[in-house]
Structures are given as C-alpha cells and as structure tokens.
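# A structural walkthrough
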Amino acid sequence: MNQNDIEHGGVAVMPKTDLSWIPQLFKKRVCTTFVEDSFSNGGLCQCGSTRDTHPSGALGDNFSTAIVSHWDSTQHSCEQPTDAFGELEFAGAGKRHSYFLRLSSTTYPSWVFNIMREHWKLAHPNLVVSVFGGEKRSEVKTWVQEVLRQGLVKAAQSTGAWIISGGLREGLGRCIGEAVRDYATATSSVTLSKVVLIGIAPWGLVKDHQQLVNPEGSFPAKYFVRNAARNSCSLDNSYKAFLLVDDGTIGRKGGEVGFRARLEDYISRQRTDSASFDIPVLNMLISGEASMLEALDISLKNSMPWLVLAGSGGLANLVCDIVENVQSAPMTSTGGAEKEEGTHNMELRERLAEKVMKYFPSEQEMDKLVDKVLSVYQNKDLISIYDAEQEGADDFDTVMLKVLVQASKKQVSGITNPHADELRLAVTWNRVDIAKSELFNGNIDWKYDDLKDFMTDALMNNKPQFVRLFIDHGLNILNYLTYGQLEDLYNSISDNCQAGKLLQQILNERKDEFSNDQNGRISLYEVSQLLENLLGEVCQPFYMSVLNVDTNSTKRKAFKKACQVLQGECSYRKNLCKHPWLCLFIWAVLQNHSEMAIFCWEMCGESVLTALGGCKLLRELSKQGIETEAKISIKEMGMKLENIAHDVFGMCYQNKASDSYKLLIRKSNMWGDATCLKMAIAADARVFFSHDGVQSLLSQIWWGDMERGTELWKLALTLIIPPLCYTNLIKFRNEENAEREKSLTAPPPSATDCHYGETVFSFNDIKQHSEAEQDDSNNIRRPTKGTPAYGKPKQPFLLSRWRQFWYAPVTTFIGNVLMYFLFLILYAYVLLVDFKPPPPDGPAPSEYVLYFWVFTMMCEEIHEAITMESKTFAQRLMVYAQDKWNKFDVLAISLFIAGLCCRMFSWSYSMGRGILCMDYMVFTLRLIHIFAIHRQLGPQIIILGKMIKDAFFFLFFLAVFLIAYGVANQALLYTYDPSPERAFRRVLYRPYLHIFGHIPVEEIDTDNYWDRDCTDNLTLINEGKEPCRDTSHNWLVIILLVIFLLVTNILLVNLLIATFSYTFSKVQECSDTYWKFQRYNLIVEYHSRPNLAPPFIILSHINNFIKRNFCKEPSTKIHHFAIQIKGREANKLVKWENLQKENFLAVESKKQRGTDSERLKRTSAKVDGVLKQVRDVDRRLQALEAEVKTQMEFCTSSLQWIMDTLSQSSTAKGAKAQPTRKVVVSASLDREK
C-alpha cells in the first residue's frame, strides 16, 4: 500500500466480501528477544511471557540478551499478520454481536477509523468522548456513577457521540458499560442506538483472549469467561467494538496509550457528516493512577481539551489541585529577568513536587513524575474542571459544549462571531435547549450573516427546532431562500428516500436525452416534473415560470426550453423564492420529515389548502412500490395532514360559515389555481369531506336557491307541470336587498348556525359578493345610492324564478331519475311486447324512439369526456375512464350498439336480441349509482360494493373445491363419457346445485334404481348415447359427496357469512364518511350536466353549442366550484384564515400542555430548578463558612501572637513573626486537602 493509501485510509478501497485483506493490513506483535525479568528468577521475560512461549530464535543469542537490560516493543518484537478479528458473541449474555480487531500498536489510525466506518458500519460521530481513569480494584464512587449515567451517557445519546474507554469489566470501563445498560432500561432502544461504546484495551491484558484467535476471522467468536469476577480483565458485553492493541506484552498495562492518542488525534482532524467542522474530541479524566499521566501529557501536547471530574480521587484530584491552586509567580520588568525566571521555575517545580508527594507518596520514580506534571501544568489552559456538586449531572452536556468551544477559541482566531463555534456544536448535536439557554437568551446580538449557514445546516439535517429558533431571532426567510438554495436542498435528499429516487430517475432521463448536459445536479425542472406527476391536473405545474417555460406548452416543448435554460447561466438561481415557506413545506413533505413539514405549514399561508396538498403528495408517494415500513409512515403523515386540514377548517366554519365556503372554492395563486375541494377530492380526503361545513356547501350547491329539505314529490310535480314553479308550492330564497344586507352585516353565527343543514346565506350570495368585491377593488369608487348592491340589474321575476328552479342540480337529478325510469319502461316494453323481426318488417316505432334515446345518452357521455379539465384529449379520456361508472356507461352503450347491429340481420337476429336483453340488466344496474345520493341508501351501496369484493375471494375457494369434487365424482361414476356437454354439466353445474340442496341421489348412488336408458357399448357412447354408471366405487362417491357438502355448506358458507359480518361492521363505522365523499362526485356530475334529461338533453347541447361558439357566453356553473378572489377581499380572507390557524395552534398547544407527559416534564423542570437553587445556596453557605473559619483562625493566630509577645519582657523579641491573612488562608487550604 502506497503513501497515498495510508493518508486517505486504505480500508475504504478494499473489497468487503473477501476478508483476506484484514490480516494483510493489520498486524499483531510477537516478542523476538527474551529479556529476563529480574524479579522472576529467569522464568519470565520483561514482555510478560514465560521462557517456554518464546520462539527458539528469541533464546538463541545469550550474549546479546545478557547485555539488554530493558525490553522495548519496537526493538524486541516483530509484526505478523493478525489472527483475531471479526464479530464477537458473548456466550450466555443474549446481546447483539460486537466487533473486535487485534492490531499492532504502530498501526495507522486512518486504517482503523475507516474499518470502523466502512466495514463495521458504525455511525459517523458528532463528538468523541475519551474517558480515562479508575483504579483496578477500587470501587468507583456512587456519585461518579450517577454522573456517568445521567451526564455522560445522556449527553452522548443526545449528541450522537462515540465513547472510548478501556472496554474491560474493571473499574471505570465496567461503570460506563453499566451506565449504558441502565440508561437503555429507562429509554427506548432507538434513542440508545446513537451511543457507540468503543473499547481500546491491551491485547495481553484481556482475559482468555485465546478464544478470539482464528487466522481466518471469527463470525462470530464465542467469548465465555468462567466465574468472571466483578472487576476482572474480561471484555464487557455493553461495548459495540473492541480495538485490542498488541505491543507484544502479556499482562502489562499501558501498551495502548500511544495508539489511542494517535487515533484520537486523527479523528479530531476528520469532518462530521454535515462537513461544517472537524469532529470534536474531548478527553475526560475520572480518578486515575499516576501511570495515566503519560496519556494526559501526550494528549495535551496534541492540543486535546480535557475535562477533569473534581473530587473523583487519584490523578483527577491532583490535576484539579495544580490547576486551581498552583500559580506561577508573576514576571518582573526589572533587571535579572533570566535569573528570576529560573528561580520561579524552581519554586514552581517544588510546589508541584509537594502536590505529587501529597497524592502519590509511594511512587518510586518521583522526578519523572514531577516532570510530567510540570509538562501538564504548562498546558493547563486546555484543562477544565467539572464539579458535579455545584453544577449537577444534568448540566454535563452544557459543560462539554463550553469546554470544546473554549478549546477551539484558543486554537482558532479571527472569528467574526465568538459564539459561532458554540452554536455550530449545538446545531450538530441537535441541542436546541442549550442554544436557547446559552446563546439566544438576549445577551448576544445575532445577525443574518451569522445564522445563514446554520439555517442551511438545520434544514438539510432535519432540525426543525433550530429552524424555528433562527426564525424567531432575526433570520428572514424571504431574504434567505433563493431558487439556487432550494435546488441545494433538493440535492441533499437521500437516495434511499422515495422522492430522491424519483428525482434521480427524472434527472437521468434528461441526461440521456441531452448527452451534452452532464450536470449531475437536480434542478427545478426535475422538481417540477415530480410534482406534476404526483399532483396531476389538480393545479398548474410548479416552477415552470421560473424557468421561462410556458405552462400551456406541450411536454416536449417544455422539456427543450428547460434544457436550454439549464445549459445557460441559470440566472434564476439568484432570485428569491416567491413563496418560500410553501417551497420548504413541499420539500419537507417529499422526504416525509413530519416535524419540519408541520413547522413549515405553520409558517405558510392558506393553511387548509396547504395541508391538503401535502396529504395529496404523501398519498401519491405511498402508492409507489416502496418498503412497507416507509409506506406506513407516509400514510400516517398523510392522515395527520388531512386531520389538520379538517380541524383548521372546523375553526373557520365555527367562526364564520360564509367565509369558510369561499375558502373551499377560492382559486389559490400559491397552488396554481387549485381549490380546497379540488385538492381534497384528488387526495381522497374522506375525513375532510365528512366535515359539516363541506357538506353544507355541497348541499347549498345541490339545492341552489330552493329551500333545503323540499319534498321530492313537489319537485317531481313541478317538473311535470313547470308553471308550478311560480307558485308557493316550492319556497325559494328571499332576494330582497334588505335581507342580503342583513346577511352580509350579520354578527358571527351562533352554534346553531354551524349545524349541518343550516347556512348563513346562499351560494349565489358568495359568488355575487365576490364579484362585487373584485369590481370594487378595481374601481375604488363605491356604488351610489340607487345602484344595485352587486352592480347588476335586477332580472325579471319570471326569468329569475325559472333559472332558480331549472339551474339547481337537484332539479337536474330528479329530471334524470324520472326520465331514466321512463327509459327502462320503454326498453322493457320493446323487449317484451314490441320487438319486431329484422327489416323490412321491423323495427317498431317504439324501438326507433329507444334508439334515439340511447343516442342522446351517448352524446351526453361524449360531452362529459371532452369537457374534462385536462390539457390533451388523451388525458381527458384517461380522467374519464378513472370513474368506474363511466366505464359502466360505455359498456351499456357498446352492448346496445352491438345488439342493434346484430338484430338488423336475420342470421344474427337471435344473438342481437340476447345482447339487448343482457344490456337491459346493465342499464338497470345503473340505478345503483343514481341512488348513491340518498342518505340511507348511499352507505348501504358502499357496503354492498365491499361485500361483492369479498364474494370474489369466496368464489375462488369454492371453485377449488368444486372442480376437485366435480372431476373426481365424474371420473368415479363414468369410466368413459366423451360428451363435452354432459361433462361440463356434471363436473361444474351439478356440484354447484349440490350446495343449494339439489342432489340427484338416484344418479349418484348406484345402489338406487335409475330409470334412464344407458349402454356400455363404446360405439353407441361415441354416437351420443348415455353411458352406464360404474358401481365399483359407489362407497367412495358417497364419502366424497358428504365431504363436499360439509366443506361447502358449513365451512365455506359460514366463512362467507363471517366475512360479510366483518365487512359490514367495519364499513358501517365509517360508511357515512364514505358516502359524504362519494356524494361530492355525484353533485359535480349533475351540476355539470345540462338542465334537461335525455332525450330532451339534445336541445340543451344545441343551445350550449350556440352560446359558447357563436354568442361567446361563458358557463355560469363554473363559479359554483371555483371562484377567483382578488384584491382586498383576497387579503382579508387570507388574514382571517391565518387567524383561525393561530387559534387552532393555540388550542392544540393547550391540549398538549394538559397531557400527563407534559405535566411530568414541567414538574421535572421545576424540581431541577429548585435543586439548582439549593446547590447554589449550599455553595454560598460553604463559601461563607470557609470565610468565617478563615477569619476565626486569623483572629486566633493574632491573639496568640499578642499573648506571646506580652508574656515576654519588653526588651526581648518575639520568637514568632506576626501572622498575616495570606499565611492563615494557605494553612487552612492545606488542612482541607
């Protein structure tokens, strides 16, 4: 491997299937020189191994070994391919497998880091905490264990950190493993998966390490330790990975120190996942022996920050003492500076030597120890002290953040904002609580340029709480989000996401079409195409105008134009987004980032339509062929957005029903002229349609200006006698201006006004009032007195009443129902009474009337297909064919045409009559759809449709048993029967009749007499004669009959009944919701139909054709489902909707605060606050007590000196010097230590 591979990590380029590269890359160390240990009487080498375990070469040269007095790993050992790597299974522990690797102490850290990331698939760390300390046999203090559990492990989980420790079941390594297990018990396994424990231990110190040896790798290696003590050197099963460093020694500690320091230094120079800064590495010292000073010194020379736990004992107490209480003397500016500096260094060394003697009095090599302490003292700026009694275990993550920020400030200068690094760490760790309390508490002035990069990081890494925080503290989204920035966000979508796959697929199609365009970035064109594929014809395409593409152009022209723009300078990327929050909402929804999407929805306008649009996108994504878990998550998010739209609209409807109606049918500029109703029907939002406000609007459209609840017989009678519409038989809405003004100026409706079935004013008022507002926005001049309120002259009573009756969809529906019954009566009359022979004798006049009637129905279906809201004719046909009842109509008309053609010829007359008879059944079944509008019949029709689907599954099982029994029964009864007709009847038809009790026993049971001529002559049988039965298997035939009846009549029939019962109970619960949803389609159908029913509908078609093509009069019915609101009226409506959204969010927030979990959180926060105050008071009391104690000691010493002085003669001098405050304080501190 060359130097380039070493620098970049050679593991990443190695194959993952063949693991033979691991022994070639990673080595172990074997002692090559036996250096006698003077304390072992010649039996042990200084490496820790016995003489017998050394190879013969290590014992051969006695002279050379005699002159070597100290064993060195680099000189007296050699590297060989490693023989221990793979997965580790702790026998009897029931834990997940861990990874392990035996490696030389001189291994390149880049190799190790890459094998952990690429081969072991450990999560990329946002922080590395390396824990040192702990004595081998002593018990770790209880409060230290609490700091590890509530502080270290909790902070590691919240930040996504690696924790590096010894990995052995002794001392501190065991406590860290127990802390992880205890925290796992209190939290979910999903959150704990962020905590990665890595153990770095000496290979020779691990107990029973021979169980791990396998030159070809172990997958897994079973690790079992017999009678392991609590503080043993065996591996701990809580760790995710083990790096077993081999320096050639056995049973010796410290062999891993150098490699561990180099690994931590290498990790500190790697980038986090967000690539915004290097991975922070924090070393933590808890207790510890004097031998750990070497690791502390090496790490400080590498500029690694350290956090020392005060009061934990051992080396930690020594470091705290020298950092807090040992200060070098100040330098003087007078002459003799070099002499004074040497004197000060000697004094400092003496003070440090006193501290070392105090904490480690039994150490042998005191001078070397003092030198290391002096080296540590010179880098004390990188050491921070953590006092758990004063700060508490819950503040541990905040302390870590401050320590890392202080260390980075000492290394990097010239930062624009000194708090930028602290915020960067908080964003990376996703700790918005720290950011709020420490950085956004009002003491720091954050500017837009300071927050812009952090905003991008928070968006790309799905951290909505930080996005909210930045928006609340000065970041303006209108100045932030450009179209180029939006493209960067779409390029950050993971390839594993379904939206990312679809975008990449569209991008590849563009690159394949234009080979010159090799830009691999996702552009707004791919986003626009994806949204168009998901949203369909609901709205106009997104972002096409940004790319200077005409929305009405064909796909091919739009594609070419977009490619030309993308191959140019793409100046549009510098432009600001027109609707930034909507763009971010769509971006978040496509990734199914629920929290981010909900926050963007909160900030976005037109909340009802936006929620329904997100629901539509998610439900279209869920239809893609993706994984089950992802599909469930997408469906849940879609349902959540639908419920949000339902609840927000409910708030609007309760506040003011009339404005809520306009909200449903208003064309949205943000969503490309889409309406709430149109988006809801496309999103299959049944829950939204079930809202009383939506149904109330549909009822207003359905009844028009007639009074709702008018009896059907009155409508039918008026249809037969049209002049009755001018009488009081049917009540219409009052059209007086006073009544209209009253409704417009009425106060907010009461609770009864919001009840289903009652409205504030009719739909025509909404339409006319909107038109008046638009005219008023264009003409600032108000209408003068005497001018009609809506700017239109009042129509004559005869004309207005005629239009009010005939333009109502309910009138069209009743007319179509009556005429359809007449059509079925005529059809039945022709088939039963007046069906004449082929020409020239027929058809009869009544049949010609029937032909014309069907022709007018066919014209209506063609009119319905070509008037669909789609760009091309092919798309209109596709939309038309999506409705199953349209397919039903096409089938009925097609069969009628086929039957008509066949009945005109004598040779096909009978076939034509049969086709027309079958077609009558199809036309009759069409009544099911007509009566779907009925409140009682509609839900039952839905249940019937579900049961028909269940019946198909039943028929499958029935067919299996039917064919099995029928073939076996026929073969047993008749040895030879070549007649296909008899075989079909006896194999399928006769067993089917058995289910309903029709069992010909005389034919099946051969013991009974069967009065029928039969023969065994094969010639006669081939000529069609009935064959005789075979009596040899009569007993088997009877058994099969019993089994068949048992299975079909008892098992299958009861299974079908149970299935029907389940379907009925399941659908009945939400049948009303289904019916309300389907009611919309029926209302739209009869609203868009001409007023006259077939066959008179031909007159309406002719009239409409003249009006549209010659008189150029637009249709008046389009306003009922989509109106354009502009000017002040539109702004007023948007503000009112946003106000209702805020009310909804306030109600939801109140509900959330009232839950038990939130109450517990608030109580816990209050308790934590009280505990912090108690700790502050306790700390102040301790400080005050220490001050009083010092003052008392000073007074006592002063009085003693006075007494001693006075007791002597006036000529004698006191033996003691006068006490000073400084001396008393120093003595007091020494006694406390």
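Above this text is the structure in question.
Residues numbered from 1 in each chain as written. Predicted model: local features only at pLDDT ≥ 70, side-chain atom pairs only at ≥ 80, totals over all residues. Heavy atoms only, no water.

### Let's talk about the packing of helix H39 (residues 845-866) against helix H40 (residues 873-881)
Helix packing geometry: the angle between the two helix axes and the distance between the axes. Rules: Helix axes use the C-alpha atoms of the stretch in contact, all axes being lines fitted to C-alpha atoms, and the angles between their N-to-C directions lie in the range 0 to 180 degrees. Helical segments are the DSSP runs of H or I of at least four residues, strand segments are the runs of E of at least two, and each set is numbered from the N terminus. Residues count as neighbours in contact if any of their non-hydrogen atoms are within 4.5 Å of one another. When residues are grouped by polarity, Ala, Val, Leu, Ile, Met, Phe, Trp, Tyr, Cys and Pro land in nonpolar, Asp, Glu, Lys and Arg in charged, and all others, Gly among them, in polar.
Where H39 meets H40, the axes come as close as 8 Å, and the angle between the chain directions of the two elements is 115 degrees. Contacts between H39 and H40 involve Glu861, Glu864, Ala865 and Ile866 on the former and, on the latter, Phe873, Arg876, Leu877 and Tyr880. Class assignment for the residues of the contact of H39 with H40 results in five nonpolar, no polar and three charged.

### A few points about the pairing of strand E5 (residues 127-133)
We apply this condition: Think of it in three bands: with a 1.4 Å probe and only protein chains considered, a residue is buried below 20% of the maximum accessible area for its type, exposed above 50%, and partly exposed in between. Only strands that DSSP links by at least two bridges are regarded as paired with each other.
Counted residue by residue, E5 has seven buried out of seven residues, so it is predominantly covered. On E5, burial covers both faces: Leu127, Val129, Val131 and Gly133 on one face and Val128, Ser130 and Phe132 on the other are all buried. Here E5 runs beside strand E6 (residues 161-165); their pairing, made up of four bridges, is parallel. Its bridge partner being in E6, Val128 is matched across the sheet by Trp162. Looking at chain direction, E5 and strand E10 (residues 281-286) are connected through six bridges and run parallel. Bridged to Val129 within E10 is Leu282.

### Observations concerning the sheet that holds strand E4 (residues 98-104)
The strand order across the open sheet formed by ten strands is E8-E3-E4-E9-E7-E6-E5-E10-E11-E12, and the pairing between neighbours is mixed. Edge positions in the sheet fall to strand E8 (218-223) and strand E12 (383-386), since each of these pairs with one other strand and no more. Strand-to-strand twist of the sheet, defined as the mean angle between neighbouring strand axes without regard to direction, takes the value 25 degrees. Relative to E4, strand E3 (residues 85-90) runs antiparallel, the two sharing four bridges.

### Side note on the state of the cysteines
What is meant by a disulfide is a covalent connection between two cysteines, made through their sulfur atoms. Rule in force here: In this description, the term disulfide denotes a pair of cysteine sulfurs within 2.5 Å.
Considering all chains together, one arrives at one disulfide under this definition. Each sulfur in the disulfide pair Cys1014 and Cys1028 lies 2.3 Å from the other. Between Cys1014 and Cys1028 the sulfur-sulfur dihedral comes to about 90 degrees; the bridge is accordingly right-handed. Residue Cys1014 is found in the loop between helix H46 (1001-1004) and helix H47 (1018-1022), and its partner Cys1028 is found in the loop between H47 and helix H48 (1034-1088); the two are separated by 14 residues along the sequence. For Cys1014, a relative accessible area of 34% puts it in the partly exposed group. Looking at the unpaired Cys78, the closest cysteine sulfur is the one in Cys31, lying at 8.9 Å.

None of this, on its own, says anything about what the molecule does.
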